[in-house]
Every structure is written in structure tokens, then in C-alpha cells.
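So you can see what is in the structure, the chains are spelled out below.
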Amino acid sequence: MKNDLILRVIAKLLIPFILLFALYVQFHGDFGPGGGFQAGVILAAAVIFYALIYGLADARKVVPEPLVESMMAIGVLIYAGVGVAGLLLGGNYLDYFVLDPNPVRGQHRGIFWVEVGVATTVSGVMLKIFYMFADRGKVDEE
Amino acid sequence: MSMMAVSVLVIIRSRNLFGVIVLSGIYSFLMATVLVAMDAVDVAMTEAAVGAGISTVLLLGALYLCKSEEAHPPKKPFLPLLVSMSVGGMLVYGTLGLPEFSDPQAPIHVHVVPRYLNEMKQEVDVPNVVTAVLASYRGFDTLGETTVVFTAGAGVVALLRRRRKGRKP
């Protein structure tokens, strides 16, 4: 598929919009449908799309594997870190009310960071699994 | 719904795994439509993205590694058929006892939901109730969920990476 002009051009047109939509789903999750999980999956789907059209090696250059692996862990750490931040500020674990002087704002802040954590982990795991599977085929071929 | 039933029947009958994968993607999209019709937009979005998108790609990747025709089983699988039929029968019997769909007096609608819906405006003030419940009221559950996703990814990494290292020398 690497030399198909139509696919390459269409992919180039579509991928920015997919990424933008992922961000929209992420940050608009408070108001409409969506949230961290869906945004993470869409983000991963955009990169997988890129890898399908332009080849795995190019995708690895854009999103290198060490980054993907650390994303998996960083997401969980962000989530757990929000809980610890609540503890340090004198509340319970995962208590968002203490994150800001205004409790409602604190809730917003907590939800925002939690969703960021979920999105990071989910997209990292999806991409890593895809890389692993796609790589297996190549190893068998050689 | 009937299209879903048709696609399941074709999936069972078909022996071409490529067709089966494409059909299961179609099934996921139909499922997402049903979920939209039931006003569960968040779940529908996840189903469309994960079920139809990512898992189809992953299954195609797996198909690349093996033959695309399903092998014939050595003997007729009557015992598994019996087990799955009886489990399915029990599940259907269980759903008969459930309250009707969108019944306002159903137990789930009178337990904590009124509190979520009424006090969320003052407590969290996020227009999407699903997000509020998911990230705030049920924060611990979602933390567990994220950890499960992480563990699954770590498991795949552990399994597949060792294999590759063992093959090289």
C-alpha cells in the first residue's frame, strides 16, 4: 500500500482531522459524549491508520516505541497522582474537592487530569499491542 | 437487530476468516447503532471505535500470521454446544426477571441515581452525567479499569517480546 498515491493523499488529509477529533472528544467529554477512553482509542486509531498507509517504520519514527511504552505507565501514574495530590492537600484519596479553593472547580480539575491519564494509558496500550502484532508478521517473513 | 442476527448466523456458517472479521466489524457498528438508539452515546462511541476499528485491525494483523481458512474440527463439538446453549438459556431466563427497559421504578433508578442527577449540578457541575459518574463518583472504579488496561498491555509486551528474543540467537 506504500505507493498508492490516492491512499497516501487521502490519509494525509484525514489524519489531522482524526487527531483534532480525538482532542475534541477528550476535552469536550465534560459536555458531550466522550472522554479519556474514547479519545485514547481515536488517537491510537489515527496512528494505526498512518502505519497502515505509510508503513510501520515511518509510524515508529513519528511515535517511537519508548514513548509508547512510557505512555502506558505515565497514564496510570497521572491518575494515581491525582489521588495522591488529594491526599497531600488534606482530603481522601481521589478526593477532588480539595484540589482547588472552589470545590466545584476542584472537581473540574480532578476530572480533567483523570481523563488525561486514562487517554494516555489507553492510547499507549492500543499502539503497543498494534506495534507488537504488526512486528510479529515482519519477523516471521524474514 | 435482525441485521445483527443475520451477520451472527453468517459468522457461524462461514469458514473464511477474513469475511468473519469484516462481518464482526459490521456487527460492532450495528451494535453501536442500537446503543445510540438506547441513548447510550458514550458506550456507542467506544463500541464503534474499539469494536469496529481497533479490534478489526488487530484481528487482521493476527490473520496475517495464520491461514485464512478455518480448519475443520476433529469431532463434532456437542458438549461445548450443550454448555453454551444452557448458559445462554439461563441468561435469557435471568433477563425475564429484569424490570422493563426505561422503567422509572427499576431498582437502579431509585437507588443512587436520583442523588447523582439532583446534586451533581452543585457538586461537580459537569453537563455530561456519564463523565461525572465515571471520573468523580466512581473514580476508584475507573482507576482500577485503567490499571487493567495497563496490565493487559504489559502482559502482551511480556509475552511477545520474549518470543522474539528467543528466536534471534
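This is a predicted model, so every value here is computed, not measured.

Things to note about the overall build of chain A
Looking only at helices and strands, chain A features five helices and zero strands. Computed over C-alpha atoms, the radius of gyration of chain A comes to 18 Å, more than 25% over the 14 Å expected from 2.2 N^0.38 for 142 residues, which places it beyond the range of a compact globule. If you line up chain A on its principal axes, its C-alpha atoms span 55 × 30 × 20 Å. Expressed as a percentage of the 142 residues in chain A, the buried residues total 42%. Long-range pairs, those at least 24 residues apart, make up 62% of the contacts in chain A between residues at least 6 apart in sequence.

A few points about helix α2 (residues 36–54) of chain A
Along an α-helix, residues three or four positions apart point the same way, because every turn accommodates 3.6 residues. All names here are of chain A. In this model α2 runs 27 Å from its N-terminal to its C-terminal C-alpha over 19 residues, within 8% of the 27 Å that 1.5 Å per residue would give. The element α2 is extensively covered by neighbouring structure, given that 16 of its 19 residues are classed as buried. Following α2 by one or two positions, Gly-55 adopts a phi angle in the positive range, close to 95°.

Some thoughts on the nonpolar core
The biggest cluster of nonpolar side chains holds 53 residues, and the ones touching the most others in it are Val41(A), Ile42(A), Ala44(A), Val47(A), Val122(A), Met126(A) and Phe130(A). Of all the secondary-structure elements, those providing two or more residues to this core are α1 (5–27), α2, α4 (65–88) and α5 (103–141) of chain A together with α3 (41–65), α7 (129–137) and α8 (139–167) of chain B. With 14 residues, α5(A) is the single largest residue contributor to this core. Excluding residues that lie within four positions of it along the chain, Val122(A) makes contacts with Gly36(A), Phe37(A), Gly40(A), Val41(A) and Val149(B).

Here's the deal with the interface of chain A and chain B
Listed per partner, the contact involves 45 residues of chain A and 38 residues of chain B. Counting only elements with at least two residues in the side of chain A that touches chain B, the list comes to α2, α4 and α5 of chain A. With 23 residues, α5(A) is the single largest residue contributor to the side of chain A that touches chain B. Tallied by class, residues from the side of chain A that touches chain B come to 28 nonpolar, 12 polar and five charged.

A word on the packing of helix α1 (residues 2–13) of chain B against helix α2 (residues 17–37) of chain B
Residues and elements named next belong to chain B. Where α1 meets α2, the closest approach of the two axes is 10 Å, and the angle between their N-to-C directions is 160°. In terms of orientation, α1 lies roughly antiparallel with respect to α2. As α1 runs across α2, the sense of the crossing is left-handed. Contact residues: Met-3, Met-4, Ser-7, Val-8, Val-10 and Ile-11 in α1; Val-20, Leu-23, Ser-24, Ile-26, Tyr-27, Leu-30 and Met-31 in α2.

With respect to the packing of α2(A) against α3(B)
Interaxial distance between α2(A) and α3(B) falls to 10 Å at its minimum, and their mutual angle equals 30°. The angle between α2(A) and α3(B) falls in the class roughly parallel. Between α2(A) and α3(B) the crossing geometry is left-handed. Contacts between α2(A) and α3(B) involve Phe37(A), Gln38(A), Val41(A), Ile42(A), Ala44(A), Ala45(A) and Ile48(A) from the first element and Met45(B), Thr46(B), Ala49(B), Val50(B), Gly53(B), Ile54(B) and Val57(B) from the second. Looking at the contact of α2(A) with α3(B) residue by residue, the class counts come to 11 nonpolar, three polar and no charged.

Examining the confidence of the model for chain A
In this model, chain A carries an average pLDDT of 81, and 94% of its residues clear a pLDDT of 70 or more. Confidence scores differ between elements of chain A, with α5(A) showing the lowest mean pLDDT of 79 and α1(A) the highest of 88.

Rules and cut-offs
- Residues numbered from 1 in each chain as written.
- Chains lettered and ligands numbered in written order.
- Predicted model: local features only at pLDDT ≥ 70, side-chain atom pairs only at ≥ 80, totals over all residues.
- Helix = DSSP H or I, 4+ residues; strand = E, 2+ residues; numbered from the N terminus.
- Rg over C-alpha atoms; globule rule 2.2 N^0.38 Å.
- Buried ≥ 20, exposed ≤ 12 C-beta atoms within 10 Å, placed from the backbone.
- Contact = placed C-beta atoms within 7 Å.
- Expected span 1.5 Å × (residues − 1).
- Core = buried A, V, L, I, M, F, W, Y, C linked by C-beta atoms within 7 Å.
- Nonpolar A, V, L, I, M, F, W, Y, C, P; charged D, E, K, R; others polar.
- Axes fitted to C-alpha atoms, helices over the stretch in contact; angles between N-to-C directions.
- Parallel < 35°, antiparallel > 145°, perpendicular 65-115°, else oblique.
- Left-handed = near helix turned anticlockwise from the far one by under 90°.
- pLDDT = per-residue confidence, 0-100.

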